[in-house]
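What follows is each chain in one-letter form.
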Amino acid sequence: MSDSMPIQELDYGTPYRHADTSVTLEIDGVAVTVPAGTSVMRAAIESGVQVPKLCATDSLEPFGSCRLCLVEIEGRRGYPASCTTPAEAGMKVHTQTDKLHSLRRNVMEMYISDHPLDCLTCGANGNCELQDMAGMTGLREVRYGYEGENHLDSKKDESNPYFTYDPSKCIVCNRCVRACEETQGTFALTISGRGFGSRVSAGEDQSFMDSECVSCGACVEACPTATLQEKSIIMMGQPTKSVVTTCAYCGVGCAFKAEVKGNEVVRMTPYKNGQANEGHSCVKGRFAWGYATHPDRITTPMIRKSINDPWQEVSWEEAIAYAASEFRRIQGKYGRDSIGGITSSRCTNEETYLVQKLVRAAFGNNNVDTCARVCHSPTGYGLKQTIGESAGTQTFASVAQSDVIVVIGANPTDGHPVFASRMKRRIREGAKLIVVDPRKIDIVDGPHIKASYHLQLRPGTNVAIVNALAHVIVAEGLIDETFIAERCETRAFQQWRDFVSLPENSPEATAEITGVPAEQVRGAARLYAAANNGAIYYGLGVTEHAQGSTAVMGIANLAMATGNVGREGVGINPLRGQNNVQGSCDMGSFPHELPGYRHISDSITRALFEEAWKVELQPEPGLRIPNMFDAAAHGTFMGLYVQGEDIVQSDPDTHHVAHALSSMECIVVQDIFLNETAKYAHVFLPGASFLEKDGTFTNAERRISRVRKVMPPLGIYGDWEVTMMLSKALGYEMNYSHPSEIMDEIARLTPTFANVSFDLIDKLGSVQWPCNENAPEGTPIMHIDEFVRGKGRFIITKFFATKEKVTRKYPLLLTTGRILSQYNVGAQTRRTENSQWHSEDRLEIHPVDAEDRGINKDDWVGIESRAGTTVLRALITERMQPGVVYTTFHFPESGANVITTDSSDWATNCPEYKVTAVQVLPVEQPSEWQKAYSRFNETQLDHLHNRQPVVEEGAAAK
């Protein structure tokens, strides 16, 4: 695949059909062979014959309304629509007869007679299917005037910040309505009116912003005219080229075409050959890319002695030299282990690999960690212990083969919306759904989908509910004995079976712990165990607990016990929160592991890297992020290099994090904005957005996809180049001329990546690891014949209650999560129009709890925990269960992590974000922390705005 792609891709009119048999027919005298079930239209287009069409597109099922694609078939009466007519063996089709030309022109004339003739000034000029079809049908005149009734004066709907709806240009082809139903699954659009009065309507004749529309862009992508069109195209004009790249938001890893004019992006469109998303998108990836050129971008390096000083702009050379000298000074004063680095799950694999290499080879220690510590580190530990590999087992497409889908501690419609659309499609087709979540999330009961069971457990009781499900499966003889005998360790299974059979793990016994009635648990267990294909999908609602690792192992136990591993439609599937969480873990970002999840203490592995890197590596694991903070508070960890992470906003117990950073003597932040962590920094190195990068991301299905540079880095250098410059200044030189060379080194040193290269990814579109001599083109489904560790290992998962218990002082449990329009700490999405949907973090509270406290909608409420207090506005909703409240963490001034505590997973130190005992009461002013934050933030922004411009080298920081 070349870096540049055509703007318009060939549209085959109807979807590709998978079939074991094929049929041969004749189209315009030429024999054509296609899979059985293929439409005549698609067969014609595949053979090179262009059939006119307006209502047909290959992402949607055929509809047959536009009547442009009429054909003649020998032996049949009339003129059937080629989109809805299946190809049959021996069929003789004619597509280009005089009668067809006349019929098509007449149909086209009717469309144009009620359509504005403003082609030259229309935003879609040059990329309009209606315009193209007028030319293809040979329409040269319109005999019907505009004197009669028409829709030319219909009012535009400009309510959506990203696209406009102009009903005067609507041809009522239904493509947008069908896309909303078939592709997205929201059912927000309909056709209102009848006959001539028919028009597309959002909701019940509402504006798009007031309707149920989620702004995924599927309707805009499907529209063949300028009826639904991006405002960026209207303002900036049509693009001149496109570059295929990978989205930098969630862990789905959608492929997009970045469409550009010069170096300016004018539109992002989902790439229909993208193997993770297959032409679909969400509001973030499709529209929220403007942050990349936001005025808040910092593009010049800055340094300062103290966080109380204004910033000083300096040259790249001076900034790098200053950072290196400070790190060497600190190591000279406090010792080799007094500095470390944090890699980013938003940066590429190649950039992350270089940061951990910098720490191990240039810093000389293993003090490297990543934000995966605070999200999916229990996944890595739990799956490694049970099935032998720290990653999910399936492709996203695998869900299309599932009969029962279990979603535990995940909210796919908000956190992973493109995968959610796949899943909802399968549920509409008949798959059953089980949801395990404290909240009533959208998929519990939504348009044309309804969960068979919603196990609305209390926060912190995942392990108890998983054990109860296992108890039913074992006690009722629902296990897959053949699978277990062939694929799992016998003794470990027997011990686990005896454990889950204990009365204390029965649904009746655990109901008092979880709050879930026993009959619901029994019904859900039977449904999952009886499925031909049962798949489990889980998220941070599983991992971000004191027993996160235990819960992951429990989920793996369930899958092994029922034989739901190693084929399509099943598996253990962690939904990763950020675009490269999987990759940052793969690349050796943890203090105890080198790339490929190999322990630093293993002398053979260490020798391999020492030979390649020409340096001696330390055999002892380094500090995890929480350990770094503790050591900083004690004065032994004094320097930190942070690339692309905002630990101040994202890590728990904000008071402790701020104190730790304030105690350090040199913090180097490499980012695109002055984020919350950068306000504590002494050196700021401008980072590059995903549009300015070359490299790869690895998504939640282990899919390695290319990130391609769309525009030059605004700060001159790519992130990988900055890391190399810092390493060289520290005395350890790295020599790469392109990120592809970094991937080549990763492949040489990492068995699961042995065959991975940019060339292979470009050839195949993407590659799922393991990719080596045993699987030269990757591994879509893992553990097919045996587990990576050989035999699957059942592990006893005893439930221990979290120390975060409700008391008279703190009678409610707070849990946290995300919302569709915002992403993570919000640094990207807050700088886009997405804030029109969600402009602040709110506290969701059940009506009973609100009434007990005298809280009304939109009231300011104080949320107090043993760690701290913050203030948010209340959102009263029956999504919550009594006794549980919920908030998001996208806005720094909200202080969501001021109230989260230091409680963490026993195995990995992943923070327990999902369970915090709190009290909620009405208040009339911000918390003391929020007042202090406001003052600190204002001071730091003043330091930024009053920064001194670049001076001659050597004049600053002296």
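Nothing here was measured: the structure is a model prediction, and the numbers come from that model.

Reading guide: rules and limits
Residues numbered from 1 in each chain as written. Predicted model: local features only at pLDDT ≥ 70, side-chain atom pairs only at ≥ 80, totals over all residues. Heavy atoms only, no water. Salt bridge = Lys/Arg side-chain N within 4 Å of Asp/Glu carboxyl O. Helix = DSSP H or I, 4+ residues; strand = E, 2+ residues; numbered from the N terminus. Buried < 20%, exposed > 50% of the residue type's maximum accessible area, 1.4 Å probe, protein only. Axes fitted to C-alpha atoms, helices over the stretch in contact; angles between N-to-C directions. Left-handed = near helix turned anticlockwise from the far one by under 90°. Contact = heavy atoms within 4.5 Å. Nonpolar A, V, L, I, M, F, W, Y, C, P; charged D, E, K, R; others polar. Core = buried A, V, L, I, M, F, W, Y, C linked by side-chain atoms within 4.5 Å. Pairing = 2+ DSSP bridges. Phe/Tyr/Trp six-rings, centres within 6.5 Å; stacked < 30°, edge-to-face > 60°. Lys NZ or Arg CZ within 6 Å of the ring centre and 35° of its normal.

So, on to the pattern of salt bridges. Side chains that differ in charge, positive against negative, can pair when their charged atoms come close. Taken as a whole and assessed by the stated rule, the structure comprises 54 salt bridges. We note a salt bridge from Glu-158 to Lys-231, for which the minimum N-O separation is 3.7 Å. Of the two residues, Glu-158 sits in the loop between helix H3 (129-136) and strand S6 (163-165) while Lys-231 sits in helix H6 (residues 231-236), which places them 73 residues apart along the sequence. The exposure class assigned to Lys-231 is buried, which follows from its relative accessible area of 18%. Through salt bridges with shared partners, one network takes in Glu-221, Glu-230, Glu-259, Arg-267 and Arg-286.

Two numbers describe how helix H13 (residues 462-475) lies on helix H17 (residues 518-530): the axes approach to 9 Å, and their chain directions differ by 65°. Crossing of H13 over H17 shows right-handed handedness. From H13, Ile-465, Ala-468, Leu-469, Val-472 and Ile-473 reach across to H17, where they touch Val-521, Arg-522, Ala-524, Ala-525, Arg-526, Tyr-528 and Ala-529. Taken together, the residues of the contact of H13 with H17 break down into 10 nonpolar, no polar and 2 charged.

Once that is clear, we can look at the nonpolar core. Counting residues in hydrophobic clusters, the biggest one holds 70 residues, and the most contacted among them are Phe-208, Leu-228, Ile-405 and Leu-691. Per-element tally for this core: the top contributor is helix H12 (residues 417-428), with 4 residues. Counting 61 residues, the second-largest nonpolar core is a separate cluster that includes Val-355, Cys-375, Cys-666 and Ile-742.

This part is about the sheet that holds strand S26 (residues 639-643). Spatially, the 7 strands line up as an open sheet ordered S14-S13-S28-S27-S26-S15-S16, and their pairing is mixed. Taken across any chain shown, the strands that pair with only one partner, and hence form the sheet edges, are strand S14 (312-313) and strand S16 (368-370). As judged from the 4 bridges shared by strand S27 (residues 666-671) and strand S28 (residues 683-686), these two strands associate in the parallel manner. The partner of Asp-671 across the bridge, within S28, is Pro-686.

To continue, consider the packing of aromatic side chains. Under the criterion given, the structure shown has 22 aromatic pairs. On the numbers, 6.1 Å between centres and 40° between planes, the contact of Phe-493 with Trp-496 is tilted. Here Trp-496 and Phe-493 lie together in helix H15 (residues 490-500), a separation of 3 residues that amounts to about one turn. In this structure Phe-493 comes out as buried when scored by relative accessible area, which is 8%. Positioned over the ring face of Tyr-886 is Arg-439, at 3.7 Å from the centre of the ring. Of note, Lys-798 hangs over the ring of Phe-800, and the distance from its end group to the ring centre comes to 6.0 Å.

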